[in-house]
Amino acid sequence: MGFSRGRGRPKLNREKKDTGTAELRLKKSKDLTTESLDLCFKRGLIDQEEHEAGIRLRWLYTLRFGSPDVSAYHPENIGKSCFRTDDEEWSRMRQYEYEHILDELIKIRAKRIVMNVCIFNQRPSFLKQYKVDISVSEAKIRHMQFTKFQKGLELLAELLGKKS
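We now turn to the structure provided with this report.

The rules behind the values
Residues numbered from 1 in each chain as written. Predicted model: local features only at pLDDT ≥ 70, side-chain atom pairs only at ≥ 80, totals over all residues. Heavy atoms only, no water. Helix = DSSP H or I, 4+ residues; strand = E, 2+ residues; numbered from the N terminus. Buried < 20%, exposed > 50% of the residue type's maximum accessible area, 1.4 Å probe, protein only. Areas by Shrake-Rupley, 256 points an atom, 1.4 Å probe, with all protein chains shown as cover. Axes fitted to C-alpha atoms, helices over the stretch in contact; angles between N-to-C directions. Parallel < 35°, antiparallel > 145°, perpendicular 65-115°, else oblique. Contact = heavy atoms within 4.5 Å. Nonpolar A, V, L, I, M, F, W, Y, C, P; charged D, E, K, R; others polar. Salt bridge = Lys/Arg side-chain N within 4 Å of Asp/Glu carboxyl O. Core = buried A, V, L, I, M, F, W, Y, C linked by side-chain atoms within 4.5 Å.

**Focus on the overall build of the protein chain**
Scanning the protein chain from N- to C-terminus turns up six helices and zero strands. Going from the N terminus to the C terminus, the protein chain shows its helices and strands as α-α-α-α-α-α. Looking at the 164 residues of the protein chain, the share that counts as buried comes to 28%. Taken as a whole, the protein chain presents about 12600 Å² of accessible surface, with 52% of it coming from carbon and sulfur.

Right under this line is the structure:
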């Protein structure tokens, strides 16, 4: 019997263990580290096309205004435009696309909720965990928010050609 030609320690099929802190593991278990748009998709509130449309809206916003999240900038780039300057036609088309989407969302009164979830990662009331016994008025607000959000993302997916 000869020696094995494999080198190093034997590879075991171990489960990946979360080695984060206890606080971070608790936050992950309650979906507090997941972005709101991804959480809507994960819970089946929106479909793949609407999720992609929401991501596209965030990308268009980032092109126009920069990232809404905290990020590091090189000191030489402070105050410069976020738009690509090498192709002005491309930049103009992306800006038109963004403004057109906002105009359409304003028409159906869904701009605020869609932007808050897709761009600014705010958790709307319909995603928050509540006790079973919520008031009737709070249930109506949650339902109204969800309805506006759903209509907004359906429109967004339609405008961006994700749905037909």
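Moving on from the coordinates now.
**What about the packing of helix α3 (residues 48–65) against helix α5 (residues 111–118)?**
Between two packed helices, the angle of one axis relative to the other and the distance separating the axes together describe the packing. Where α3 contacts α5, the two axes come as close as 9 Å, and the packing angle between them is 85°. Between α3 and α5, the interaxial angle falls into the category roughly perpendicular. Taking contact as the criterion, the partners of G54, L57, R58 and Y61 in α3 are, on α5, V114, M115 and C118. The class makeup of the residues in the contact of α3 with α5 is five nonpolar, one polar and one charged.

**Considerations on unusual backbone geometry**
You will see that R109, though not glycine, has its phi angle at about 60°, which is positive. Secondary-structure assignment places R109 in the loop between α4 (88–107) and α5. By relative accessible area, R109 is classed as exposed at 68%. Positive phi values are uncommon outside glycine, yet N121 reaches one of about 55°. Turning to its location among the elements, N121 is positioned in the loop between α5 and α6 (136–159).

**Focus: the pattern of salt bridges**
Applying the stated criterion to the full structure yields six salt bridges. Between E89 and R92 there is a salt bridge, with the nearest N and O atoms lying 2.9 Å from each other. In this pair, E89 and R92 both sit in helix α4, three residues apart, roughly one turn of the helix. For E97, the salt bridge goes to R94, with nearest N and O atoms at 3.1 Å. Note that E97 and R94 are positioned in helix α4 at a spacing of three residues, about one turn of the helix.

**Some points on the nonpolar core**
Counting residues in each nonpolar core, the largest one holds 30 residues, and the members touching the most others are L57, V114, F149, L153 and L156. Contributions of two or more residues to this core are made by α2 (36–42), α3, α4, α5 and α6. In terms of residue count, α6 provides more of this core than any other element does, six residues in total. Ignoring sequence-local partners within four residues, the contact set of V114 consists of L57, L105, I119, F149, G152, L153 and L156.

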